[in-house]
Amino acid sequence: MSQANNASRRAFLRNSAIVGGGAALGACASSPSATAPVPQHNDRTRGWLRFIWQKATTPDDWAYRENIERPWGINLPRGEIDWTVDGEGPHPWWDQYSTAPMLSYPRFDLTDTSYAVMLMADQTPAWREVYTRILDELATRHTAYWAAIDWNTFIGPSPDRENYTAMNATGYQAWPERVRGNYDAPGWTANGVEPWGLQPDPIGADGNLFFRGWLNLLLTIYKYVSGDDKWERPWEIAGFENEHFEWTQPRIVEHLHEQYTSRPEGPHCENTKIWPFCNSAAGLGIYLSDQLGVTNAHGAFENWVEFMKDNYMGINDQKQIEWMTLYYDPLEEFKVNIPGAVAGTGTAFYLLPQSPELATQIYDGVANVMGWRDSAREIRPSAQGMAIAKSLGDHVVVERMREAAERFSEPRWFGEDGDKFGWWFNNGEPWPRGQASAQQMINEITEGSWMDAFKVKHLDKYTAPTLQGVDYPSLGVHSAWNDKDAGILHIGTYAADRSAAGRATSWVITNLPDAAAAVVQIDGERMPNVQVLDGNTIRVQTEIGDHQYQIHTGYFGQAFAPSKPPAPQVGDAAVIAATRRTAEQNVQAAESVIASGGVGCPCCAGSA
């Protein structure tokens, strides 16, 4: 190992401990100091927001169609598949092409898109209406027929069972000889196979975790951003042959809790296969729901994490990861194991906010095997790896990943006015691929990080002074932050539609302690004739353009801590609750792992 790489590794460990401690302290600090600059969106974030607003608010049809034919053929090249039925179905800019055959469904674009939106909303907690609209459009699509198109159409055993080989079936080399030719490859959900039979409800099914787990994560992100309980009230999911089933977001968590309690190994993602990757995502949705005080169920998942460490990972005496399980079939009783930690990036990404010590160990193993810190090696970009590095303060990896993304991931401005931004990955397609582009955008958000977002530090935003009624996408907002030390709401605007610059517009500020006492400044000058609508609301008449506003609100903050309901009573509730931890405790746990030297790798074992 080179001296430079060894030094960068030691710096990472020191910085991670500092960042972790700073994060724990930061949870107590409600806002920047009066002299600190407020968070604001950079140009790329503004451009991505412009595009996902267009995607989310442009109507398309994810509903059921009579006589629908199965749209996916396992052995067909993706470019030869007609993704719509008689012109209907998801708009082709929803990514239904990436990571075939497991993740090549448009619903994964919906959830991936929500992640950067969550971080954007944390940068402008006093302006949330645009993010709320986007997330609601994403969630609504995720309840429609096309969201669960695989579960609704891949019925029974795969017709291609005899054609699977190492070339077209993930993990084929690890399949026992006895199952080859009579086994479903990953990507075939197999609704209807024994011992479960046909289960028309894609949420209530025994399998299909990778549908309801990511849906629950999306719904909880909506809750945190908006504060709205819409998805906690009854709504319907479209299932097999368009049969509809009533659910609420807390009921999804109850169902997951019951499964993790009764099945320590974890629910099946597709029928017969348990993937640590999608189980980790499902756990994160439960974790966020608990953080918001909606549910109290994550303890059951934390027990699954312990099961994962004992059964889905091989860790030697030097705390090095020797192998990780890609998926496990408990019916056929075999596992597909991958040497080292290289297959664990996605799992670590979802585990990081809820189990940071394990996620850090996996990440560090991947980083060393892939040479992410080795300046002598050229690396390929990894959006999820970069997001973890940014969260942990591994600045060497962040900068190397940033350079790699600029070289290989094709960042581009596009649209008639060149006002939209995305990552194109040299695919030569009409739009940037939604999954990978959305994940990469997590790293473009200037302030905060993937792990920070799940600390839900802005729960007082729902009752704090709030900007509403913005004429987006004509008028954009790049900053909206309540300085609770000074009692000032900072708002920064720009012309999101350049052709609208200079046009008259207005917006309102709600939740003011005393609307009549509010003072509004634009670019340092006091604005006359601010309209008082009621005791807590004012309207500001202005123009579309680049302006800085300071609204002297008299709001100095308030403490807010969500109360949690009792844990679901399934099995031994006392055991289930025993390992439940808060976000602050998670940070402390990660620090202890880093400080103890528990993060190990073959190339660095024993190094000072």
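Now for a quick tour of the structure. (Residues numbered from 1 in each chain as written. Predicted model: local features only at pLDDT ≥ 70, side-chain atom pairs only at ≥ 80, totals over all residues. Heavy atoms only, no water.)

## Section: the packing of aromatic side chains
One pass over the full model with this rule turns up 37 aromatic pairs. A ring pair is formed by Tyr115 and Phe349, whose centres lie 6.2 Å apart and whose planes are at 55 degrees; its orientation type is tilted. Of the two residues, Tyr115 sits in helix H3 (residues 106–123) while Phe349 sits in helix H10 (residues 345–351), which places them 234 residues apart along the sequence. For the residue pair Tyr115 and Phe349, the accessibility class agrees, reading buried in each case. Plain terms: the ring middles of Phe414 and Trp424 are 5.0 Å apart, the flat faces sit at 85 degrees to each other, and that makes the pair edge-to-face. Taken together, the residues span a long stretch of sequence, with Phe414 in strand E6 (residues 411–414) and Trp424 in the loop between strand E7 (420–423) and helix H14 (434–441) at a distance of 10 residues. The same class applies to Phe414 and to Trp424, which are both buried. Put simply, the rings of Phe108, Tyr115, Phe210, Trp214, Phe277, Phe349, Tyr350, Trp450 and Phe454 pair up and form one aromatic cluster. Above the ring of Tyr494, the side-chain terminus of Arg46 is found at 4.4 Å from the ring centroid. (Phe/Tyr/Trp six-rings, centres within 6.5 Å; stacked < 30°, edge-to-face > 60°. Helix = DSSP H or I, 4+ residues; strand = E, 2+ residues; numbered from the N terminus. Buried < 20%, exposed > 50% of the residue type's maximum accessible area, 1.4 Å probe, protein only. Lys NZ or Arg CZ within 6 Å of the ring centre and 35° of its normal.)

## Overview of the sheet that holds strand E15 (residues 537–543)
Reading across the sheet, the four strands line up as E8-E11-E15-E14 and stay open at both edges, with antiparallel pairing between neighbours. This sheet does not close on itself; its edge strands, each paired only once, are strand E8 (466–468) and strand E14 (531–534). Adjacent strand axes in the sheet meet at a mean angle of 30 degrees when their direction is disregarded. The pairing of E14 with E15 spans three bridges and is classified as antiparallel. Following the sheet pairing, Gln531 is matched in E15 by Arg539. (Pairing = 2+ DSSP bridges. Axes fitted to C-alpha atoms, helices over the stretch in contact; angles between N-to-C directions.)

## Here's the deal with the sheet that holds strand E9 (residues 475–483)
An order of E9-E10-E16-E12-E13 is seen for the five strands of this open sheet, with the pairing classed as antiparallel. Each of the sheet's edge strands pairs with one partner strand only, and the pair in question is E9 and strand E13 (525–526). Where strand E10 (residues 488–495) and strand E16 (residues 547–552) come together, six bridges link them in antiparallel fashion. Directly across from Ile488, in E16, lies its bridge partner His552.

## Describing the state of the cysteines
The tally for this structure, following the rule as stated, stands at one disulfide. Across the disulfide from Cys269 sits Cys278; the S-S distance is 1.6 Å. Looking along the S-S bond of the Cys269-Cys278 disulfide, the torsion reads about -60 degrees, which is the left-handed sense. Just as Cys269 is buried, Cys278 falls in that class too. (Disulfide = S-S within 2.5 Å.)

## What to know about helix H6 (residues 209–226)
Taking 1.5 Å of rise per residue, 18 residues should cover 26 Å, and H6 covers 25 Å from first to last C-alpha, within 8% of that figure. For H6, the tally of buried residues reaches 18 of 18 residues, placing the bulk of the element in the interior. Taken from the residues just after H6, Gly227 is the one with a positive phi, measuring 80 degrees. (Expected span 1.5 Å × (residues − 1).)

## Looking at the pattern of salt bridges
Tallying each qualifying case throughout the model produces 26 salt bridges. For the salt bridge of Arg44 with Glu406, the shortest nitrogen-to-oxygen distance reads 2.7 Å. With Arg44 in helix H2 (residues 43–57) and Glu406 in helix H13 (residues 395–408), this residue pair connects regions lying 362 residues apart in the sequence. Two residues, Glu429 and Arg433, come together in a salt bridge whose shortest N-O distance is 2.8 Å. Through salt bridges with shared partners, a single network forms among Asp60, Arg133, Glu137 and Arg141. (Salt bridge = Lys/Arg side-chain N within 4 Å of Asp/Glu carboxyl O.)

## Describing a nonpolar patch on the surface
On the surface, a cluster of nonpolar side chains totalling about 220 Å² of accessible area is made up of Val342, Val369 and Met370. Looking at the secondary structure, you find Val342 in the loop between strand E5 (334–339) and H10. (Patch = residues over 30% accessible without salt bridge, like charges linked within 9 Å, V, L, I, M, F, W, Y side chains within 5 Å. Areas by Shrake-Rupley, 256 points an atom, 1.4 Å probe, with all protein chains shown as cover.)

## Describing the side chain of His268
Relative to the assigned elements, His268 resides in the loop between helix H7 (249–262) and helix H8 (276–291). Residue classification places His268 among the buried positions, given a relative accessible area of 5%. When sequence neighbours within four positions are dropped, the list of residues in contact with His268 reads Trp196, Asp206, Gly207, Asn208, Leu209, Lys273, Ile274, Pro330 and Leu331. (Contact = heavy atoms within 4.5 Å.)

## Overview of the pairing of E9
For E9, the buried fraction is high: nine of the nine residues fall into the buried class. Inspection of the sheet shows E9 paired to E10 by eight bridges, in the antiparallel sense. When the sheet's bridge partners are listed, Trp481 is paired in E10 with His490. Linking two consecutive strands that pair antiparallel, namely E9 and E10, is a turn of four residues; a positive phi of about 70 degrees is found at Gly487 within it.

## Some thoughts on the environment of Gly487
Its location among the elements puts Gly487 in the loop between E9 and E10. Take Gly487: its relative accessible area is 2%, and that puts it in the buried class.

## As for the pairing of E15
With six bridges connecting them, strand E11 (residues 504–510) and E15 associate as antiparallel partners. The partner of Trp507 across the bridge, within E15, is Val540. Between the antiparallel neighbours E14 and E15 lie two residues.

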